[in-house]
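# Structural features, examined
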Amino acid sequence: MARYQLKVNGKDEELDVDPEMPLLWALRDVLGLVGTKYGCGIAQCGACTVHINGTPTRSCLVRVSDISGQSVRTIEGLAEGTDLHPLQQAWIDLDVPQCGYCQAGQIMSAAALLEVKPRPTDADIDAAMVGNYCRCGTYNRIRKAIHSAATYDNAATPSSAVNLGEDVA
Amino acid sequence: MNDNDLVSAVTKAVYRAAFRPNLNRRAFLKLSGVAGGGFVLASLLPMRHVAAEDLGSLVGSVELNTFIKVSSEGEITIYSSNPEMGQGIKTALPMIIAEEMGAKWEDVRVLQSPVDERFGRQGAGGSTTIPRSFDLMRQMGASAREMFIGAASTAMELPKDELKAHESAVSHASGRSLTFGQLAALAVKQPVPDPSTLVFKDREDYTIIGTSISGVDNLEIVTGLALFGIDTRVPDMLYGAYHKCPAIGGEVVSANIDEIKKLPGVKDAFLVEGNGNVRELLDGVAIVGSSTWAVFNAKKKLKVEWDESGASKDSWTGLVARAKALENKRGDELIDERGDVDAEFSNTENQTLTAFYEYPFVSHFCLEPMNCSAHYKAGTNGEKDTLELWMPTQFPAGAYRVTKPMFGLEQEQVTIHQMRLGGSFGRRVSTEYVCEAIEMSRRVGAPVKHTWTREDDIRHDFFRVGGFQSVKGALSASGKLVAFEDHFIGMTNNGKPVSGSRFRKTEFPMLNVNNVRATKTMFEIGTPCGPWRAPGANTTAFVIQSFIHELAHAAGRDHLEFLLEIMGEPRWFEQGNIRSLNTGRAVDVIKLVAEKAGWGRKMPQGHGLGLAFHFSHAAHIAEVAEVSVDANKKLTVHNVTVAVDIGPIINMSGATSQVEGAVIDGLSTMAAQKITMENGRIQQSNFHDYKILRMPSSPKVDIHFIQSDHAPTGIGEPALPPLAPAVGNAIFAATGHRVRRMPLSEEGYTI
Ligand code: FES
Ligand code: FES
């Protein structure tokens, strides 16, 4: 065991963990931030995606000891206080999730994309999202939600009863 | 409410307050429970195994329970009693209640109900929850509505039949109106109506059913709040992993336990003797530690000696060789026979066609791996032991079937928490991951969260069974299908056909053609198999609907016209049985999909359209795939058009998601997924060698519902089976190459 400092969602955390422990398990089991998910452990599914210094990263293969002192953002830290990130709002408005298990990772990858490409093309979305697997097949709604969030004016919109009639001819 | 729930509820309330300012006050009220004067509707549903139609006789029973609560502030709590695995039931069932009740959806909050037999059958599987629960949910809603109307009648001194419930209020033509919240205290004193007196709303009057409602857990999902089984955290919890023999059913002899115990974070490790039942507890090595990583890491360092004498020796290549030897032969066992197939096959005027189809075993690989948290507490001072379980499962009460015989616990000693499932597709119906968790918690005397590694999850799955079909058809001189024969080659475990390894007497086109015969040959295997999204249908549709296209092509006829001819006159083979094919509904969806997809239009070089229909899970569904294939056999599925008749749609958004998901799942599966085994060992282990469809390959999906007047049925599964033959037929149209073996990667295609 050894001590490492991390800034997680803006908060300083001191972690007393094995140097080999991947960030994923430090987040989930040590800090109790269970929004970041385990899916494969080999950087193939994207369920564990977080931002390290703003870069989308698969937390299942990054050791805590490799990123000591750095800044980590997880799905729990995406909203600003109680203001949902436009992607989170778009995900609700377009009813993207099915089982929902992959969606934290999807949103974190998409959020990193919007940081560098505020108006992404389909090709940009393909490139940014190819590493995020969805077992339930929500890809088309994810794409739509990213486009939708990219054009939000960040104003809150009613979220509960959304009309997705345009999906259905 | 435990701590997790509380944190979740507070955070949710905060978000809700921020986003829907008018809900601010109510959002916080949610935390304080139902305020005084609240109304609790006692459900009429009593014990398990009571069909909805039997409810009438139980009116007034003291065995009541709660589906609906209304606070005096007007908040309506609806309990959703069935497991949510992404199929949308947690939103759909409450929509039905809210509709009949006359509630405004914005006033409704949905909670997962406790696991309790008073809620009736709390399972999910076979796309049956909607057909099983539709009437019961309508009764629950309509009962509440009548009680509010009764209360309003008293309060306003107006006759009941002049009052209407809508928008969470009861109103009169004069403009007088009282809200459900205002009426709650009075409504609870009303007699619970006899279900036989209830009148349900007309479809034209629906304001909630048939609209699009965003999933009730979506806020938690997008903000990362604890929701899934794997997110369970309880005080003093330890973490567990369990290692089983790579050859299914091997017994543990010894392991380097002492070395393992010295590894960082490991608290305990021990051998477990199982009961030999793959659905309960197999032999293995348990490791318990201070984090998931600690036990996963230790698991990699295990050195175990197994006794494999009784373990599976299955070999996929062996099964293929045995099946190929049966090509064009008839099976030993007759499934059904009508007319005179032999006469048609030997008639020299007829054209006879044969084909041999193959489909592999595949895995469920739910993105959330199998897991279960268990807290086994030994009783002190003569008290009984207790067990608390946090399970993502399709059948929570299934745990009782093992807690009594294996751990000696009566039902009242066991508390089950139904957690959200990160996918299931038929996977989470067994209890081995539950037994493993209980055993670990019992041994270490602490709560244990037991998680499977992805490698465990793939190697120890209950697979979608692979198999083979040798098919034969006779075409008359005029190109009509006059005889059909299928030799089904399937698998058994302990002499019993595994899930999905069945060819029904009623399988299309057995009832539609005059001369038919189906036979079977079954191979005994040790590899465990289980239900996988649309069992049986997901492979048989590929065979039959591809072969129908082969026959149409051989007859020189248009596939659409040929398929409609086989379907024949509109008739319901077994009138009133939703599981029986209705050719009228079939023809309607086939014609609709053809029209919407532009069937018959001229396609550019290398492009093709493929059509398929399949009836399963009470759903009539037709699909057309538009594909192109380049010179390197790179396949692009541009568009899939789907026409569906499952009766009225409950949640349009949810139903659309299910169809889209099933199409993409079907394509992912047919593209490259294949589980093989040699010497009883599953050869794939994770996503590097088990390939899955990614976003760039996802086709557009264009969905059309025919909302017929038939009773509503489920849509979690049945849109998947027609996808593979539609794509296979489109590949033929584009290239002239017939795909008779799955996955496509085996035939040299990439996607
Ligand atoms: S768990 Fe990290 S990519 Fe799958
Ligand atoms: S929503 Fe289930 S895995 Fe993506």
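About the cut-offs
- Residues numbered from 1 in each chain as written.
- Chains lettered and ligands numbered in written order.
- Predicted model: local features only at pLDDT ≥ 70, side-chain atom pairs only at ≥ 80, totals over all residues.
- Heavy atoms only, no water.
- Helix = DSSP H or I, 4+ residues; strand = E, 2+ residues; numbered from the N terminus.
- Polar contact = N/O pair within 3.5 Å; in protein donor to acceptor, adjacent residues only side chain to side chain.
- Pairing = 2+ DSSP bridges.
- Patch = residues over 30% accessible without salt bridge, like charges linked within 9 Å, V, L, I, M, F, W, Y side chains within 5 Å.
- Areas by Shrake-Rupley, 256 points an atom, 1.4 Å probe, with all protein chains shown as cover.
- Salt bridge = Lys/Arg side-chain N within 4 Å of Asp/Glu carboxyl O.
- Lys, Arg positive; Asp, Glu negative; His and termini not counted.
- Charge placed at Lys NZ, Arg CZ, Asp CG, Glu CD.
- Buried < 20%, exposed > 50% of the residue type's maximum accessible area, 1.4 Å probe, protein only.
- pLDDT = per-residue confidence, 0-100.
- Contact = heavy atoms within 4.5 Å.
- Buried area = accessible area lost by both parts, 1.4 Å probe.
- Nonpolar A, V, L, I, M, F, W, Y, C, P; charged D, E, K, R; others polar.
- Axes fitted to C-alpha atoms, helices over the stretch in contact; angles between N-to-C directions.
- Domains from an automatic or database assignment.

## A closer look at the side chain of Asn-512 of chain B
- Structurally, Asn-512 of chain B is set in the loop between β21 (496-497) and β22 (515-524).
- For Asn-512 of chain B, the side chain forms a polar contact with the main-chain oxygen of Ile-566 of chain B, separated by 3.4 Å.

## A word on the side chain of Ser-214 of chain B
- Relative to the helices and strands, Ser-214 of chain B resides in the loop between α5 (180-187) and α6 (218-223).
- In this structure the side chain of Ser-214 of chain B is engaged in a polar contact, spanning 2.9 Å, whose partner is the side chain of Asn-218 of chain B.

## Quick notes on the pairing of strand β4 (residues 55-58) of chain A
- Of the strand pairs in this sheet, strand β3 (residues 49-52) of chain A and β4 of chain A are connected by 4 bridges, and their pairing is antiparallel. Counted as the bridge partner of Ile-52 of chain A is Thr-55 of chain A from β4 of chain A.

## Considering a negative patch on the surface
All names here are of chain B.
- A cluster of acidic side chains, namely Glu-251, Glu-273, Glu-305 and Asp-307, defines a negative patch on the protein surface.
- Assignment of secondary structure puts Glu-273 in the loop between β10 (266-272) and β11 (284-289).
- Judged by relative accessible area, Glu-273 falls into the exposed class, the value being 71%.

## With respect to the confidence of the model for chain A
- Per-residue pLDDT for chain A averages 90, and the proportion of residues at 70 or more is 90%.
- Low pLDDT, under 50, characterises residues 154-169 of chain A; the predicted model gives this stretch 42 contacts beyond four residues in sequence or across chains.

## Let's talk about the interface of chain A and chain B
- Contact residues are listed per partner, giving 64 residues for chain A and 75 residues for chain B.
- Carbon and sulfur atoms make up 59% of the surface buried where chain A meets chain B, a total of about 5700 Å² over both sides.
- Counting across the interface, chain A meets chain B through 3 salt bridges.
- One salt bridge connects Arg-135 of chain A with Asp-665 of chain B, and the closest N-O pair in it is separated by 2.9 Å.
- On inspection of chain A and its partner chain B, the count reaches 27 residue pairs in polar contact (both at pLDDT 80 or more).
- The set of elements that each furnish at least two residues to the side of chain A that touches chain B consists of α1 (23-30), α2 (86-93), α3 (103-116), α4 (122-129) and α5 (139-150) of chain A.
- Broken down by element, the side of chain A that touches chain B gets its largest block of residues, 5 residues, from α5 of chain A.
- Here the side of chain A that touches chain B is composed, by residue class, of 32 nonpolar, 19 polar and 13 charged.

## Here we look at the environment of Ile-578 of chain B
Residues and elements named next belong to chain B.
- With respect to the element layout, Ile-578 can be found in the loop between α15 (559-567) and α16 (583-597).
- The partly exposed category is assigned to Ile-578, whose relative accessible area is 33%.
- In this structure, the C-alpha to C-alpha distance between Ile-578 and Pro-712, residues 134 residues apart in sequence, is 9.9 Å.
- Apart from residues lying up to four places away in sequence, Ile-578 is in contact with Pro-131, Trp-572, Phe-615, Ala-618 and Thr-713.

## A short note on unusual backbone geometry
Residues and elements named next belong to chain B.
- For the peptide bond that leads from Phe-508 to Pro-509, omega is 0 degrees, which places it in the cis range.
- Considering the arrangement of structural elements, one finds Pro-509 in the loop between β21 and β22.
- With an omega of -5 degrees, the peptide bond between Met-742 and Pro-743 qualifies as cis.
- Residue placement: Pro-743 occurs in the segment after α18 (723-735).

## Some points on the pattern of salt bridges
All names here are of chain B.
- Overall, the coordinates contain 48 salt bridges over all chains when judged by the stated rule.
- Linking Arg-741 and Glu-746 is a salt bridge whose minimum nitrogen-to-oxygen distance equals 3.8 Å.
- Given the relative accessible area of 27%, Arg-741 is considered partly exposed.
- Of the residues examined, Glu-746 reaches a relative accessible area of 33% and is grouped as partly exposed.

## So, the confidence of the model for chain B
Residues and elements named next belong to chain B.
- Of the residues in chain B, 91% reach a pLDDT of 70 or more, and the chain-wide mean stands at 90.
- Of the regions scoring below 50 in pLDDT, residues 1-65 engages in 119 contacts with residues more than four places distant in sequence or in other chains.
- What the predictor reports for the complex is a pTM of 0.91 with an ipTM of 0.93.

## Details of the sheet that holds strand β2 (residues 11-17) of chain A
All names here are of chain A.
- Judged by pairing direction, the sheet is mixed, and its 5 strands sit side by side in the order β2-β1-β5-β3-β4 without closing on themselves. The open sheet has two edge strands, β2 and β4, and neither has a second partner. Taken pair by pair, the neighbouring strands of this sheet meet at an average axis angle of 40 degrees, ignoring direction.
- Here β3 pairs with strand β5 (residues 71-73) via 2 bridges, running antiparallel. The residue bridging His-51 from the neighbouring strand is Arg-73, located in β5.
- Contacts between α3 and the sheet are confined to β3, β4 and β5, with β3 contributing the most and set at about 35 degrees to the helix.

## A few points about the domain arrangement of chain A
Residue and element names in this part refer to chain A.
- When its domains are assigned, chain A resolves into domain 1 (2-77) and domain 2 (86-151).
- Summed over both sides, the interface between domain 1 and domain 2 buries roughly 1100 Å², with carbon and sulfur atoms accounting for 59% of that surface.
- Here domain 1 and domain 2 share 0 salt bridges between them.
- Remark: the boundary between domain 1 and domain 2 carries 5 residue pairs in polar contact (both at pLDDT 80 or more).
- Of all the secondary-structure elements, those providing two or more residues to the side of domain 1 that touches domain 2 are β3 and β4.
- Looking at the side of domain 1 that touches domain 2, its residues break down into 5 nonpolar, 7 polar and 3 charged.

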